[in-house]
Amino acid sequence: MNHAENLSLLGRRMLDRRGFLQNTGLSISGIALASMLASDDLLANEPKTVSSKIPIRPQIDPKNPYSPRKSHFEVPAKQVLVIYCPGAVSHVDTFDYKPTLTKLHGQKPPIIPAVTFEGPPGNIAKPFWDFKPRGETGKMVSDLLPNLANQVDDFCFFHALTTDTSAHPQGENFMNTGFTMEGFPSFGAWTTYALGTENQELPAFVAINDPRGLARSGKNNFGNGFLPAAFQGTDFNAKNPPHNLNRPRELSAQADRSTVDLLKLLNAQHLAKYPGDADLAGRIASYELAGKMQTSIPSVMDLTGEMKSTIKAYGVEGGSELRSEYAKNCILSRRLLEKGVRVVQLFNGSDPSGGNGITNWDSHANIAKTHAMQAEIMDQPTAALIADLKQRGLLDHTLVVWATEFGRMPFLQGNGTGRDHNPGAFTCFLTGAGVKKGFSYGESDEFGFKALVNPTTVYDFNATLLHLMGLDHERLTFYHNGLERRLTNVHGHVIKDVLA
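Residues numbered from 1 in each chain as written. Predicted model: local features only at pLDDT ≥ 70, side-chain atom pairs only at ≥ 80, totals over all residues. Heavy atoms only, no water.

This brings us to the overall build of the protein chain. Scanning the protein chain from terminus to terminus reveals 12 helices and 18 strands. When the 500 residues of the protein chain are sorted by exposure, 51% land in the buried category. Of the contacts formed within the protein chain by residues at least 6 apart in sequence, a portion of 76% connects residues at least 24 apart. (Helix = DSSP H or I, 4+ residues; strand = E, 2+ residues; numbered from the N terminus. Buried < 20%, exposed > 50% of the residue type's maximum accessible area, 1.4 Å probe, protein only. Contact = heavy atoms within 4.5 Å.)

What follows is the structure, encoded as structure tokens:
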């Protein structure tokens, strides 16, 4: 029976031999194209990182963004302490021993550039402090940092670090956020975004600023960037607690408690009307944490219960006022880690007016005096903090990072008393959970001018830190402005040689 009159024009077209072959060819071509796109991971099915990996997005409850979350893989480190020294500590005067500088002291260096960051350079300068072998490993460390020198058997040094900039603001940004520009999440923000925190009474990420103020890049060093605001660092120190913690005198404790309970009820009712509003839930969670901090912060900041031997070991007494305040910050750091805070970032140095070796390590002039002043503040309290963490067993699950933004030149500046910025080689070290002890990775050249053996970028360094926290730096991403953003941008490799 002929039903041609019941067919549509398209149906009649498909019964036509030429039309059938044409449609079949187009269909097969489409199938082939889809197959090729799939093989190249170009189909828009699942988002992929630049390294063709599927991102691991933490499952965050908007009502409790700080709840603890599992790492990507199991590692010993559960917390991290970052000790950051703004201003660029001179590696050739501290941890990177270069006998060639003593041999050629006062001579024109063969590797001399025409100009460095602040102008024409001067002659080669030997270290301003003597180096000696330390510990069982015999690691050469200068007399500038005698207390830290005694702990080198526990440290893992990176001696061939390089950076992309020789300017302090960009250097701080790069080291702490992975980008020289502002507006990107800090390492601490990425870590707490991924892992949350065990203690629900305290912030997940605390930034303890130097007694003298903020570093050059300010709050960008511990900011959340484009990550949710819940993951920015909460900044305070032993001298300056968070604002508005104390209850007004005219308000009784019972009235305060009743007010909090009423607010909690009203917030819950409001949230029930908008169950999908993550921003609202996040704000409520932040306010509730602030309420908890009214009792948790004063107790963790109360150092009166510390033993006299602890106060003495940290150097709270007997030194400069700045050392005393920094020492208190070190004790506060330990107490926060004891309470389960996920990330503590401790600053040694500020930059309210350029530094100049007075408020931080930026010693363009009179390095013998200015570095010595910073070392008096930093050395004993920092060494005591690390020793205290070890004695209490906290290093078993805490990664400690000691870092600065770049190094200093092996020759003097034109003024003949200071060292200029050196982005070509600098030193940082790690200790604690998951890290080799008494180990050095990479070498700078004989002058300490350029990274020579196993050059290590800041991307590599940050990739390794995330790995030590159980996080895959290529898969820990956040979709922002059309890109899968990450701490290491599109670079970085984990330095597996330093892993215990």
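Continuing now.
On inspection of all chains with the given rule, the structure shows 0 disulfides. The thiol sulfur of C428 is not disulfide-bonded, and the nearest other cysteine sulfur, from C85, lies at 8.9 Å. (Disulfide = S-S within 2.5 Å.)

Right, let's talk about empty space enclosed by the protein for a bit. Where empty space is left becomes clear once a probe the size of a water molecule has been rolled over the atoms. Considering all chains together, one arrives at 2 cavities of 30 Å³ or more under this definition. Roughly 100 Å³ of volume is contained in the largest cavity. In terms of lining residues, the largest cavity is bounded by 15 residues, among which V82, M175, N176, F187 and L465 are the most central. Counting residues per element, the ones that place at least two in the lining of the largest cavity are helix 5 (168-177), helix 6 (187-195), strand 8 (343-347), strand 9 (398-403) and helix 12 (458-468). (1 Å grid on protein atoms, 1.4 Å probe; cavity = no way out; pocket = protein on both sides within 12 Å on 5 of 7 lines; lining within 4 Å. Points joined across faces, edges and corners; volume = space filled by probe spheres on them.)

All right, on to the sheet that holds strand 11 (residues 419-422) then. The strand order across the open sheet built from 3 strands is 2-10-11, with neighbouring strands paired in antiparallel fashion. Two strands bound the open sheet, and with one partner strand each, they are strand 2 (121-124) and strand 11. The sheet shows a mean angle of 60° between the axes of neighbouring strands, direction not considered. One ladder, built from 3 bridges, connects strand 10 (residues 407-413) with strand 11; its direction is antiparallel. Bridge pairing links R408 to H421 in strand 11. (Pairing = 2+ DSSP bridges. Axes fitted to C-alpha atoms, helices over the stretch in contact; angles between N-to-C directions.)

The computed volume of the largest pocket comes to approximately 1300 Å³. Taken together, 40 residues line the largest pocket, and the ones lying closest to its centre are S286, Y287, L289, A290 and G291. Mapped by element, the contributors of at least two residues to the lining of the largest pocket are strand 7 (234-235), helix 7 (253-273) and helix 8 (278-301).

Let us now look at a nonpolar patch on the surface. On the surface, a nonpolar cluster with roughly 280 Å² of combined accessible area is contributed by L262, L265 and L266. Mapping L265 onto the fold places it in helix 7. (Patch = residues over 30% accessible without salt bridge, like charges linked within 9 Å, V, L, I, M, F, W, Y side chains within 5 Å. Areas by Shrake-Rupley, 256 points an atom, 1.4 Å probe, with all protein chains shown as cover. Salt bridge = Lys/Arg side-chain N within 4 Å of Asp/Glu carboxyl O.)

Axis separation between helix 10 (residues 321-338) and helix 11 (residues 367-391) bottoms out at 9 Å; the angle between their running directions is 20°. Classified by the angle between their axes, helix 10 and helix 11 sit roughly parallel to one another. In this structure, helix 10 meets helix 11 at a crossing whose hand is right-handed. Only E376, I377, M378, Q380, P381, T382, L385, D388 and L389 of helix 11 make contact with helix 10, whose side of the interface consists of L322, R323, Y326, A327, C330, S333, R334 and L337. Each residue belonging to the contact of helix 10 with helix 11 can be placed in one class, and the counts come to 10 nonpolar, 3 polar and 4 charged. (Parallel < 35°, antiparallel > 145°, perpendicular 65-115°, else oblique. Left-handed = near helix turned anticlockwise from the far one by under 90°. Nonpolar A, V, L, I, M, F, W, Y, C, P; charged D, E, K, R; others polar.)

Here T177 is to be found in helix 5. A polar contact is formed between the side chain of T177 and the backbone oxygen of N173, at a distance of 2.6 Å. Of the polar contacts made by the side chain of T177, one reaches the backbone oxygen of F179; its length is 3.2 Å. Beyond its immediate sequence surroundings of up to four residues, T177 is in contact with E172, F184, P185, S186, N220 and L487. (Polar contact = N/O pair within 3.5 Å; in protein donor to acceptor, adjacent residues only side chain to side chain.)

This brings us to the packing of aromatic side chains. Using the criterion set out here, one finds 22 aromatic pairs in the structure. Ring plane angle 35° and centroid distance 5.1 Å describe the contact between Y97 and F131, whose orientation is recorded as tilted. Of this pair, Y97 sits in the loop between strand 1 (79-84) and helix 3 (99-103) while F131 sits in strand 3 (residues 131-134); the two residues are 34 residues apart in sequence, bridging distant segments of the chain. Its relative accessible area of 12% is what places F131 among the buried residues. The aromatic ring of F157 is capped on one face by K139, whose charged end is 4.7 Å from the ring centroid. In this structure, K436 is placed above the aromatic ring of F439, and the distance from its NZ or CZ to the ring centre is 4.7 Å. (Phe/Tyr/Trp six-rings, centres within 6.5 Å; stacked < 30°, edge-to-face > 60°. Lys NZ or Arg CZ within 6 Å of the ring centre and 35° of its normal.)

Turning to the pattern of salt bridges, a few remarks are in order. In this structure the tally under the stated criterion is 20 salt bridges. A salt bridge links K53 to D472, with the shortest nitrogen-to-oxygen separation between them at 3.7 Å. Here K53, found in the loop between helix 2 (17-39) and strand 1, pairs with D472, found in the loop between helix 12 and strand 17 (478-480); they are 419 residues apart in sequence, far enough to count as distant. Given a relative accessible area of 18%, D472 falls into the buried group. In this structure, the salt-bridge partner of E474 is K53, at a minimum N-O distance of 2.6 Å.

Don't take any of this as a statement about function, it's just geometry.
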